[in-house]
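Observations on chain architecture
Okay, here's what each chain looks like letter by letter:
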Amino acid sequence: MSDLKELLSRALAAEGALIEPIEPDGLEIMAPPHVQKALALPEWSRVGFGSELPDQAVRVSFESEWAERLEGLLGERGRLAHFLLQERPYPAPRQEFEKSAQRGFVLQNATFRLGPVEEATARYLLLAFRITAASDEKREDLVYLCINESNGAIANALAGPLLLHLRAQDHLERARLNNAAQADGWSAQQIFTRSAGLLIPEIRFQLSPFLAGMERRMARDLERLHAYHSELRKEAAARRDERGRKGEIDETRKVDQMRLEAIEREYHTKVADLRRKYAMSVEVRFLQALRADMPVRRAAVTVLRRKGSRQTHLDWNPIARRFDLFPCEGCWTSPRVYCVCDDKLHLVCPSCFCACPYCGKESCRACHPAKCGKCAHSWGAPE
Ligand SMILES: [Zn+2]
Ligand SMILES: [Zn+2]
Ligand SMILES: [Zn+2]
């Protein structure tokens, strides 16, 4: 059964509608009044999902307004699910664990000490967002973030397996787990703050082909505009010089000069129009969250920088078969190499720890997000 057909069948059944499967690939529906209103259906109707429709059926697809209608019917329900993955973790031997840690957790200016490797339960939060990017064209996409709530590390590779698991589970069991205790999860505020940071590099990455296409179109338009106005400018200048050679009166030459200036002004206005046309806005909407508890291999880790130390832990996930790695605490990207700051032992990427262009001293962008901690030079406005 297609995702949409299953979703609609479940939602209709839960709302008290009578449904009967019909061929080919459709449903016959008797809907109570509130369902009729939310889904814009009469009391008796037929819907179809495949390329061939049953007799008298209307087509239902995600691209049509059905996604919004279903969202209206479900309201706030179905925003959060919670389940427990009980599979035993693939027991990464200590040596393998250490080797992967040395490879995956590289510190440029600090060292770390690993504690014993043990089995633990990590809590993962998978968040789904709909992004709508609009410039001269519009594009809609889904973005997933997967966060290990027990140490704040990123586990985006788990998004696919978690969604598959969710689909495969019996939905009654899931309904029961929906109400499971959520005592040690992050607060809504924590989730909001962290995902706001993490979404920016993720959206940039996901939109990069769209952005590149837009930049190509904009460069082509700018080039055309430049060529056209250069031609106009050349002609006007030639005319002015010609009149100069013929010794025509100042008044006429002044008119030519004004014409040249008008061409220049028009060019700049058109460039500004193009920049407005291609400016991109991105709207992000939270859709759903999934919490999953699952066994992992865990080792405490002590990060050592000069006289300071910071405690956290590394989780090795048996499904992704890798470590959940910490994002840079300055720009929220996933660095290959980390730098550790002196004051708070933040884990940041090398660009978030690089020397200030003004005073030349290293300054942590997580400690000082707006300006240099040493000379107060603003990062946003290089001088
Ligand atoms: Zn960074
Ligand atoms: Zn500085
Ligand atoms: Zn710092």
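Calculation criteria
Residues numbered from 1 in each chain as written. Chains lettered and ligands numbered in written order. Predicted model: local features only at pLDDT ≥ 70, side-chain atom pairs only at ≥ 80, totals over all residues. Heavy atoms only, no water. Donors = N, O, S within 2.8 Å, 3.2 Å for Na, K, Ca; no water. Tetrahedral: all angles 85-135°; square planar, octahedral: opposite > 155°, others 65-115°. Helix = DSSP H or I, 4+ residues; strand = E, 2+ residues; numbered from the N terminus. Buried < 20%, exposed > 50% of the residue type's maximum accessible area, 1.4 Å probe, protein only. Contact = heavy atoms within 4.5 Å. Pairing = 2+ DSSP bridges.

1. Points about the coordination of the zinc ion (ligand 1)
- Around the zinc ion (ligand 1), the protein contributes the donor atoms C328 (SG), C331 (SG), C349 (SG) and C352 (SG), at 2.3 Å from the metal centre.
- Relative to the metal, the four donor atoms surrounding the zinc ion (ligand 1) lie at angles of 106 to 113 degrees, and the coordination shape comes out tetrahedral.
- Each donor residue of the zinc ion (ligand 1) lies on the same chain, and together they follow the pattern C-x2-C-x17-C-x2-C. Placement of the pair is C331 in the loop between β12 (322–323) and β13 (337–340) and C352 in the segment after β14 (347–348), with a sequence separation of 21 residues.
- For C352, a relative accessible area of 7% corresponds to the buried category.

2. Details of the side chain of S45
- Along the chain, the position of S45 falls in strand β3 (residues 44–48).
- Apart from residues no more than four positions distant in its own chain, S45 is found in contact with L27, E28 and I29.

3. What to know about the coordination of the zinc ion (ligand 3)
- In the first shell of the zinc ion (ligand 3), the protein supplies C341 (SG), H346 (ND1), C364 (SG) and C367 (SG), at 2.1 to 2.4 Å from the metal.
- Seen from the zinc ion (ligand 3), its four donor atoms lie at angles of 100 to 116 degrees, and the figure they make is tetrahedral.
- Along the chain, the residues donating to the zinc ion (ligand 3) fall in the pattern C-x4-H-x17-C-x2-C. Note that C341 is positioned in the loop between β13 and β14 and C364 in the segment after β14, a separation of 23 residues in sequence. Accessibility assignment for this pair places C341 and C364 in one class, buried.

4. Quick look at the pairing of β3
- With four of five residues buried, β3 lies mostly within the body of the structure.
- By the bridge criterion, five bridges tie strand β2 (residues 26–30) to β3 in an arrangement that is antiparallel. Bridge pairing links G26 to G48 in β3.
- Sheet analysis places β3 next to strand β4 (residues 58–59), joined by two bridges and oriented parallel. Directly across from V47, in β4, lies its bridge partner V58.

5. Structural notes on the sheet that holds β13
- As summarised here, the arrangement of the three strands in space is β6-β13-β14, forming an open sheet in which the pairing is mixed. Where the open sheet ends on each side, the last strands, each with one partner, are β6 (106–107) and β14.
- Here β13 pairs with β14 via two bridges, running antiparallel. The partner of V340 across the bridge, within β14, is L347.

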